[in-house]
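Fold and geometry: a report
Here's the letter readout for the chains.
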Amino acid sequence: MSRRLDERREAYQRYKRDVNERGKPFYPYAMFHDTVMSLVVVSVIAALAVIWKLTAEEEPDASGALGVLYGEEADPGTTNFIPRPDWYFYFLFYLLRIFKWPDSVILGTVGVPTIALMLLLALPFIDLRRERKLLRRPVAIVAAILTVVSMGVLTYKGATARESLGTEAVLAVPEWVEQQQLPQEAEAGARLFAESSCLNCHIYLGSGAANLGAPELTEIGASNKGVDYFRQYVANPAKFGNQRMPPFQGLGDENLRNIGIFLDASKGPK
Ligand code: HEC
C-alpha cells in the first residue's frame, strides 16, 4: 500500500515539474484557443443558416441545398401521427419499450441512469492505478465495449421498431373474432382497425372511446351497407358529409378493403 502511495506521490511531483518547465498558463493561452475555436463554430453555423435560406429561396419549391425552407403546416387535430425521436435518442426510445409501464419504468428511467452516473463519479476513487496501457485494463475495456455495443444494438432496434399504436386493442382482436364470430377473411381488417386509431373516436365491443359524436361500430355491419360502402366511407368520410372523421386514404386500397370486410362482418355479438 505504501509503495503505491509513494509511486503516486512521485508521479505527482513529476507532473508539477513538467508543468513548471514546459507548461503554459491558462490565461492567455488556453483562453485564446477557446475563443478562436468558438468563433469558428459560430461562423460555420451562421454560414450554414445563410446557405439554407438563400438556396431555398431561389428554388420554386423552396427546397434548397440544405433542405426545405418550411415543412408542411402542423395539424393539431391529427389522430394518426406517430411521434418518433431523433436518431440519437433511439437507444433511449427503445429502452422505454423494454421497461414496461408501470412495473419497471422507474427502474429504467431513474434507477439505471442514477446507478451509471454514481459509478462514473466514483470511478476516480475506485480505479487508483496509474496504468494507461489498454491491454492491461481489461475491466475498463470490456465495460467500454459492452456500453458501445449495447447502445449500438438499442439504436438499431429503436430505428427498426414497428410502431405499436393500439397494441392493447390488437390484443383484443381474438376476442372480437370469437364474440362476433368473424370469418377468417375479416381478421386482417380487425387488426388494422385496432392499429389505425379508429378506437380514438369509436367504441368497438367495449374497446376504445366515444369522441366527436362517433357511433359505436360493434354492429355497424348489421346495416348491410356492404364492403364497398365502408371502404369508400373510411377512405374519404368528407364525401359522405362527415367532416369530423379524418380520411384514411393513405392506408391503401387493399387495407381499406380489409377494413371494409371487417366492418361489414361486424353484426353484433351472437
Ligand atoms: C377523429 C375521430 C374519428 C376517427 C379517428 C375515426 N372516425 Fe369514424 N366516424 C367519426 C365520426 C364523428 C363519425 C360520425 C359521422 C356522422 O355521424 O356523420 C364516424 C363515422 C364512421 C362510420 C359510420 C358510417 C355510417 O354509415 O354510419 C364508420 C363505418 C367509421 N366511422 C369507420 C371508421 C374507421 C374504420 C376508422 C379507422 C380507420 C375511423 N372511423 C376513425 C369519427 C372518427
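Throughout what follows, the structure given in this document is the object of discussion. (Residues numbered from 1 in each chain as written. Predicted model: local features only at pLDDT ≥ 70, side-chain atom pairs only at ≥ 80, totals over all residues. Heavy atoms only, no water.)

Taken together, the neighbourhood of the ligand is formed by 23 residues, with C198, C201, H202, Y229 and M245 sitting nearest. Here K225 contributes a side-chain N or O atom positioned 2.8 Å from an oxygen atom of the ligand. Between the ligand and Y229 there is a distance of 2.7 Å, counted from an oxygen atom to a side-chain nitrogen or oxygen. Elements with a minimum of two residues in the shell around the ligand: α8 (227-235) and α9 (253-265). Per-element accounting of the shell around the ligand gives the leading share, four residues, to α8. Tallied by class, the residues present in the shell around the ligand amount to 17 nonpolar, four polar and two charged. (Near = heavy atom within 4 Å. Polar contact = N/O pair within 3.5 Å; in protein donor to acceptor, adjacent residues only side chain to side chain. Helix = DSSP H or I, 4+ residues; strand = E, 2+ residues; numbered from the N terminus. Nonpolar A, V, L, I, M, F, W, Y, C, P; charged D, E, K, R; others polar.)

For a metal with four tetrahedral donors the ideal donor-metal-donor angle is 109.5 degrees, while six octahedral donors give ideal angles of 90 or 180 degrees. Bound to the iron atom of the ligand on the protein side are H202 (NE2) and M245 (SD), at distances that span 1.9 to 2.1 Å. Viewed at the metal, the six donor atoms of the iron atom of the ligand are separated by angles of 87 to 179°, and the geometry they form is octahedral. Of this pair, H202 sits in the loop between α7 (187-195) and β3 (203-204) while M245 sits in the loop between α8 and α9; the two residues are 43 residues apart in sequence, bridging distant segments of the chain. Judged by its relative accessible area of 10%, H202 is buried. For M245, a relative accessible area of 17% puts it in the buried group. (Donors = N, O, S within 2.8 Å, 3.2 Å for Na, K, Ca; no water. Tetrahedral: all angles 85-135°; square planar, octahedral: opposite > 155°, others 65-115°. Buried < 20%, exposed > 50% of the residue type's maximum accessible area, 1.4 Å probe, protein only.)

This part covers the packing of α8 against α9. At a minimum axis distance of 8 Å, the contact between α8 and α9 shows a crossing angle of 125°. Between α8 and α9, the interaxial angle falls into the category oblique. When the axes of α8 and α9 are compared, the crossing they make is right-handed. Mapping the contact onto sequence places V227, F230, R231, V234 and A235 in α8 and D253, L256, R257, I259, G260, I261, L263 and D264 in α9. Here the residues of the contact of α8 with α9 are counted per class, giving eight nonpolar, one polar and four charged. (Axes fitted to C-alpha atoms, helices over the stretch in contact; angles between N-to-C directions. Parallel < 35°, antiparallel > 145°, perpendicular 65-115°, else oblique. Left-handed = near helix turned anticlockwise from the far one by under 90°. Contact = heavy atoms within 4.5 Å.)

This part is about the packing of aromatic side chains. Considering all chains together, one arrives at 14 aromatic pairs under this definition. Pairwise contacts between aromatic rings join W176, F193, Y204 and F262 into one cluster. The side chain of K24 reaches across the aromatic face of Y29, ending 5.3 Å from its centre. (Phe/Tyr/Trp six-rings, centres within 6.5 Å; stacked < 30°, edge-to-face > 60°. Lys NZ or Arg CZ within 6 Å of the ring centre and 35° of its normal.)

Per the stated rule, a full pass over the model turns up six salt bridges. Among the ionic pairs, D6 bridges to R9, the shortest N-O distance being 3.9 Å. Within this pair, D6 and its partner R9 are both found in helix α1 (residues 2-22), separated by three residues, close to a single helical turn. Judged by its relative accessible area of 44%, D6 falls in the partly exposed class. A salt bridge links D18 to R22; the shortest N-O distance between them is 3.4 Å. A residue pair is termed a helical-turn pair when its members lie 3 or 4 positions apart in one helix, as D18 and R22 do in helix α1 at four residues. By relative accessible area, which is 64% here, R22 ends up exposed. (Salt bridge = Lys/Arg side-chain N within 4 Å of Asp/Glu carboxyl O.)

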